Each structure stands twice: as C-alpha cells, then as structure tokens.
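Read off the chains here:
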Amino acid sequence: MTTAVDTARTHRRRTFRNRLHQFDLKGVPYLFVAPFFLLFAVFGLFPMGYTVYASLHEWSTRKPDQTFVGLDNYKFLLFEYERFPWSIVNTLGMFVLATIPQLIVALLVANALNKRLRAQLTWRMLVLAPIVTSVVAVGVVFARIWGQEYGMINGFLGLFGVDNINWQAERWSSWTAIASMVDWRWMGYNALIFLAAMQTIPKQLYEAAAIDGANSRQQFWNITVPQLKPVIIFTTFISTVGGMMLFVEPMMFSSGSFDGGSNGQFQTTSMVLIDLLRTYGNYGMSAAAGWLLFIVIVLLAGLNFLVVNRIQGNK
Amino acid sequence: MHLLNKHRGKAALAAIAAGTLALSACGGDDSGDDGTTEDGKIQLTVQMFGKLGYVEAGLEEKYEADHPNIDVVLEGDGINFNDDFLPAMEAALQAGSGAGDVMGMDEQGMAQMLANEDYWADLAEYGYDSRAEEYPAWKWDLGHTPGGKLAGFGTDVGGMGMCYRSDLFAEAGLPTNRDELATAWADWDGFKTVAQTFVDSGVDADFLDSPTQLQNMLLGQVAGQGDGQMYVDAEGNLTLDSEAVQTSVNTIVELNEMGAIGNFVSWSEEWIAAQAEGGFAVMPCPAWMLGVVEGNAGPDNAGNWDFAAAPGVSGNWGGSWLLVPAQSAHPEEAAELAAWLTAPEQQVAVFEAVGPFPSTFEGAEMVADYTNPYFNDAPVGEIIAASVADFPSLEYTELHPAVKGAVEGALNGLVDGTYTSDNIWDAIQSDSEDAVALGGM
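1. Remarks on the overall build of chain A
The number of helices and strands found in chain A is 13 helices and 2 strands. Buried residues in chain A amount to 37% of all 315 residues. Sequence-distant contacts, at least 24 apart, represent 69% of the contacts inside chain A between residues at least 6 apart.

So, in structure tokens, the structure goes:
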C-alpha cells in the first residue's frame, strides 16, 4: 500500500516538475514576446479594426453624428475621386523609378565596399551618412536642387541650352525628382545590409571559383548574388512597403502641402489619406483610403515575393 | 514568418495614422482636473499656434502680476496651424477636454470651428457684448457662432498692401514712388495696365509672384462690395458663378495670358529664393508678411523692396481670434483673460513684438505712425490701417477653406501649364465638387 502511495506521490511530484519544466521550455518564450504583441494589439490591431468600422461610416471630425454608409466611401475613392486612383499610379511610378536603380546601385556599391580599400571604414560610414540626415532637411535641399528658376539641375541643363523645366508640373519629372530623394536617403542603408550579408559568404567559394578561373564578374553573378538571395528578398520587401507609404519626400517637394502638385502629379496615396483627414476632416473616407492602401501593399508584397523568388531560384 | 509579421506591422502604420484621432478621442477622459493649481490658483491655459506674440510681449507675467489668483499657461507657441494645431483642437473639442480655456483661431478655421455651437461658451453672458464698438463690424461679427453666441474676440487683422521691388519697377520704366503707384493701380484696370507695361519692358522677372494671393484678395474685395457670396454657401452648394469668383478667376486668367504671373507657389523654396533674387516684382502683403519678406530677401536687398496701398478698395488676409471653449472649467475667468489679451494696449504690445496688426480701432490708431525701415521707411501703419478701415464684412462658410484649396490648386495648374485658359473652369468645377463631396456630408 505505502509503496503504491509513495510511487503515486513521486509520480505526481514528477509530473508537476515536468510540467513546470515544460512550461519553462515552451510557455516562457511566449511571455517574453507578449509585451510586443499586447502593445501591437492595442496600437496596431485595435486601430486597424476601428478603421474598418470608421471606413463604413460617413464620419466627419467636425460633426458629432456618424451614419452607416456601407461601401460608399470605397466606391467614391475608387470611381469618383480621380486623385485616388492617380495617387496609386503615382506611388507605383515613384516606387519603380526609385527602388530598381536603388537596389542595383546598392548591390554594386556593397560589392565595391567589400573589396580591400584604403580607409575602408570611412567609405562605409560615408555611404550611411544620408540616412542620419533629417528627411525634412533632405526635402528642403532637394526642392531647391530641382527648382525651376534657381535649381542646380536646371542650371546645369541650361549650359546645354535647355530651357528651365518646371519639374513639379509633369508626372515623369516630379517622379524623377522625388525618386532621387528616396535613392539618396536609402541607397546607403541597403548597401550596408548587402555588405553585411556579403561578409558572411564563405571565402572558400571565391577561392575555389578563382582556382577554376572565374573572373570577378562571374564570381559576382554566380556566387555573390545567389548567396544574397534572402537578403535581396528582405530589402525588396522593405523597399516595397516604404515605397508604397512614401509621404515625407513628396510632401516636402511641394513645400509641405498634401496636394502633390497643382493636379496631384506627385500626390502619393499616403498624402491623399492625410489630406482627406486634415483638409476635409473626413475620417470615414480617410480610413477607407488607408484600407485600400493596405490591400495594395499586401498584393504588391505578394507579387514581389513571387517574382524575386522565381528570379533567384533559377540561378 | 518573421518577415511577414514585420511587414504587416509596418503596413498597419497607414491605418494607425488614420486611427490616432479616434484613439485620442477614446482615451481622452477628463483626468479629474478642476482647473486649479496646488496652491489654489485658477489655472487658465491658452492654446496658441504660429506667432501670436504673447510670449514675446511677456503678457503672461503682466497678467499674473495684476491677477494674483490666476496662473496663466501659454501652450503651443510656434506650432503649425494647419498641420498640427487645427487637427489637435478639433480632436480636443470632440473629446471634451484638452482644448484649453482660451483657444487661438485663425480666420481660415473660424467657420469650421464655430459650426458646432456646443463647443463654445457665450461671452455675452459675462457682459462682453459691449466690446462691439471697439472693433470694425466684420471683425466683431465673425467672432460669433451661426446661432449668435459671442465665442471670442479678434486679435489682429491681416490688412493688406502690395510689396513691390522698386529696382525692378525702375528697370521696367514704371514709377517707383509708392504714392504714384497707388494712384496708378487705384483700380484693377490700372493694375492690369501696370502689369502690361512691366511685361512689355522685357525685364527678366515675372510681374506677380503667383496666382493665388492676388486672386484671394480680389475675391474678398468683390464679395465684400457685392452680395458677399464666394465659393460656397452655408448649405454647402457651390456658387462658382458668383461675381466674386468669376471676376477674380477671370482676372487671373487674363493676367496669365499676358504673361504677368510667375510660378512661385507661396511658401515654396523657389518663392523664398525669388524674393532675394528678384524673381518677381509684386506680391500682395498682409502686415505680418513684411517681416517674412525681410527675412527671405535679406540685408542685401534693403531698399529694393517697398510697400504701397493695394488696388481696389482694400484687402484682408488672415487675422485671428481668441475663443473660449465651453469645456473650460472657468469660462468667466477665461473670458476676462481673452478680453484682456485682445484689448488695444496688448494688441499694440504684440504688434511691436512680432508684427500682427491691431484689429481694434484704438489699437490701429496707436500704431498709425509706424514706418518700416527695410521697406524704404514705408508708412506701413497708415497703409494697413486704411485698408482695414474700409474692409467689408465677409462671411466665410464652413466649406470655404476646402473649396478655396481646390480652386487655388487649379489656378496654380493654370500657371504651370497643367490647364489652359479654356479648360481652367472645368478643372475648378470638378475639383470644387470633389472638395464639397469630401468636406460636406
């Protein structure tokens, strides 16, 4: 009898310890990550849900009542308010103009920085410098550089007899100017990420390739680029999200207004979203714009993932 | 998975941006504050934006010295009106706390903010309707809600004149004396003639800085002399065929065809640079703009800029009010503070400190002799005071700012080549309709 009870007791104690141990292994990590997710729930998920609710209502920040209007806000943005669809075109246009050259140049710069250089650290630091400058300062400086009458670019083009171009007046020209701003700020950041990833590529691969007679260009395309695949996917992701939410650069380019040019030539979707709220006090419409932007980003990120994966997979 | 989470978090930011207002509306309960300090003084918070000048003129200390039971707190000095102040105050009024005891409000936000009667205390209850005679009628009237509550007192007025480059005028063979110019452009036909002369002279500069400021000035003049109708009526119906809109836009179209309007969008980097470089010759200037021009053009241009009376009757731009929100714990004391801050002596102190022109008759008289050395000793006080004296009462409707923005965007498009004289009216019509649809409800 006693032995039976003892065994039961030790057994119970063991299971309790076991459970504690199990909890320590499997449960505690969740406790550690919980603060982020709790905060995210309060400041991320809740506003997102609340925004859905708001987007289905006629809701002005200037009036006390809200009326349920179903999908009317979405309908108005998509089919009646021309600036909204155009803002998506603008955002995509600037994204393509900015991101593709940015990532290619960043890759090349990272490759150069990965070589033996004099004052290596200095070069690497300098590439990063644009990120630590305030985006507002960059905006002010670039707005001057791309100015119509007193801008540096027009001054340079003037040497070849080109008339002053009003860069803000056309879509292509304003996109180019803003893309230059984005590239200036983020090229170094991406280059640094690429550089960090390049340094983890085993030297033996290059040595073996060199013995096999591969020149440096072949080494770059056949070793470096495929090895960087996950990092390229990461930077593409980050650039996509950043590019789709482009806001401060185009806003500074139009001296802080949300209009993005006289006819929204470079008004991004984020600018429309803020414009709806700030200029018109239209909370419902602004919330709907936020959700439409979210959907566009999700679609684009998915597309991105497929494309990048496919290209890299063939190597 | 990690990537996806991160990505989602980032994408949610867009939604969060829109959701902040809602959150602050939910979380903003009254923290049991009865508006007194620990030592039993009544605390009065003044919510300010831009440069109202109360800090510079040291008015907090002065008021507290005379009222030992009051603790004045000045908040928000220097913050941007459109981007920061207005949305924050809208949220605070909606939430029922945080709007302060006295709130500064720019003319462009007045109709919007006063539309909701419940937000405001009625200062007439405390006997302040007697101040009516201190102010020009329009300035006094605009401080009332549509239902007739006296919500606040006027601070400054943006009475207007024209800033002009006398060096460019001389080059173009035009008179440079401010009195001669005021006579030459006494009416708008005269102004067009001066513009034509300037354009024909071939001087390498634009005549006018941009379309919007002049159009806005003309709009106010025509509306004030006529039926007062501007872009949109109080029910939210567009009135683009009103005389004021037609005349002001057509004048801009005409000047643009003449080649007299530059593409220097107000407050843009190019606009700032052009003031130093001589990119344009004329710009409509409210009193407070003189300091802006002086700063932008710099000491090298001292004497090049001058200041003359504006064409037509007069003009107005900006000007602010001090309002007392109903949520104030001490509306009577708040009203007393607002009345004191807007009294002639304090208006003059503010004018001397940072430049906004007094809106009371007495205050305007006190600064009538003021001249500005940077503008060739132009008698700024006299010119501005004259423009204010004749200024007609205008009613800005609730949707006025939204439609104004749309029209001004289209006019900038006319000058930058996006629109032509032929399709500008279509652009104005459709953009204004959008603005009403978005802001109206």
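We are not done yet, so read on.
2. Considerations on the overall build of chain B
Regarding its fold elements, chain B presents 18 helices and 9 strands. For chain B, the proportion of its 441 residues judged to be buried stands at 54%. Once local pairs closer than 6 in sequence are excluded, the contacts in chain B between residues at least 24 apart make up 76%.

3. So, the domain arrangement of chain B
All names here are of chain B. As far as domains go, chain B holds domain 1 (32–157 + 319–366) and domain 2 (158–315 + 386–439). Using only C-alpha atoms to locate each centre, domain 1 and domain 2 end up separated by 30 Å. Listing elements by their share of the side of domain 1 that touches domain 2, those giving two or more residues are helix H4 (107–114) and helix H5 (137–141). Of all the elements, H4 adds the most residues to the side of domain 1 that touches domain 2, at 4 residues. Split by residue class, the side of domain 1 that touches domain 2 holds 10 nonpolar, 4 polar and 1 charged.

4. Quick look at the interface of chain B and chain A
Taken together, the contact between chain B and chain A spans 45 residues of the former and 53 residues of the latter. Mapped onto the side of chain B that touches chain A, the elements with two or more residues apiece are helix H1 (2–27), helix H3 (81–95), helix H11 (269–277), helix H17 (400–416) and helix H18 (424–439) of chain B. Counting residues per element, the side of chain B that touches chain A draws most heavily on H1(B), which supplies 16 residues. Partitioned by chemical class, the residues of the side of chain B that touches chain A number 22 nonpolar, 15 polar and 8 charged.

5. As for the domain arrangement of chain A
Residues and elements named next belong to chain A. Under the domain assignment used here, chain A contains domain 1 (2–55) and domain 2 (74–313). Each of domain 1 and domain 2 was reduced to a C-alpha centroid, and the two centroids are 41 Å apart. Each side of the interface is counted separately: domain 1 has 4 residues, and domain 2 has 6 residues. Its residues assigned to classes, the side of domain 1 that touches domain 2 comprises 2 nonpolar, 2 polar and no charged.

6. Some thoughts on the pairing of strand S3 (residues 102–106) of chain B
Burial of S3(B) is extensive: 5 of the 5 residues sit out of reach of the surface. Alternating residues of S3(B) divide into Val102(B), Gly104(B) and Asp106(B) and Met103(B) and Met105(B), and every residue in both groups is buried.

7. Description of the packing of helix H9 (residues 211–225) of chain B against H17(B)
The axes of two packed helices give the description: the angle between them and the distance between them. Residue and element names in this part refer to chain B. Running from N to C, H9 and H17 point in directions that differ by 130 degrees, and their axes come no closer than 9 Å. In this view, H9 runs oblique relative to H17, as classed from their interaxial angle. Here the hand of the crossing between H9 and H17 comes out right-handed. Contact with H9, carried on its side by Pro211, Thr212 and Gln215, involves Glu408, Leu411, Asn412, Leu414 and Val415 of H17 and no other residues of that element.

8. What to know about the nonpolar core
Residues Ala289(A), Val324(B) and Ala338(B) are the most contacted members of the largest nonpolar core, which totals 190 residues. Of all the elements, helix H7 (residues 171–198) of chain A adds the most residues to this core, at 12 residues. Look past the residues within four positions of Val324(B) in its chain and what remains in contact with it is Asp101(B), Val102(B), Trp120(B), Ala121(B), Leu123(B), Ala151(B), Gly152(B), Pro331(B), Ala334(B), Ala335(B) and Ala338(B).

9. Here's the deal with H9(B)
Here H9(B) is 15 residues long and its end C-alpha atoms lie 22 Å apart, about the 21 Å a rise of 1.5 Å per residue gives. Counting buried positions over the 15 residues of H9(B) gives 14, a clear majority of the element.

10. Structural notes on the environment of Tyr74(A)
Mapped onto the fold, Tyr74(A) is located in helix H2 (residues 72–80). Leaving out residues up to four positions away in the same chain, Tyr74(A) has contacts with Ala288(A) and Leu292(A).

11. Examining the pairing of strand S4 (residues 152–165) of chain B
All names here are of chain B. Burial within S4 is extensive, with 14 of its 14 residues counted as buried. Here S4 runs beside strand S9 (residues 357–358); their pairing, made up of 2 bridges, is antiparallel. Bridge assignment links Val157 to a residue of S9, and that residue is Phe357. Relative to strand S6 (residues 280–286), S4 runs antiparallel, the two sharing 5 bridges. The residue of S6 that forms the bridge with Met162 is Pro284. With 5 bridges connecting them, S4 and strand S7 (residues 305–309) associate as antiparallel partners. Its bridge partner lying in S7, Arg165 is registered against Trp305.

Cut-off values and rules
Residues numbered from 1 in each chain as written. Chains lettered and ligands numbered in written order. Predicted model: local features only at pLDDT ≥ 70, side-chain atom pairs only at ≥ 80, totals over all residues. Helix = DSSP H or I, 4+ residues; strand = E, 2+ residues; numbered from the N terminus. Buried ≥ 20, exposed ≤ 12 C-beta atoms within 10 Å, placed from the backbone. Contact = placed C-beta atoms within 7 Å. Domains from an automatic or database assignment. Nonpolar A, V, L, I, M, F, W, Y, C, P; charged D, E, K, R; others polar. Axes fitted to C-alpha atoms, helices over the stretch in contact; angles between N-to-C directions. Parallel < 35°, antiparallel > 145°, perpendicular 65-115°, else oblique. Left-handed = near helix turned anticlockwise from the far one by under 90°. Core = buried A, V, L, I, M, F, W, Y, C linked by C-beta atoms within 7 Å. Expected span 1.5 Å × (residues − 1). Pairing = 2+ DSSP bridges.

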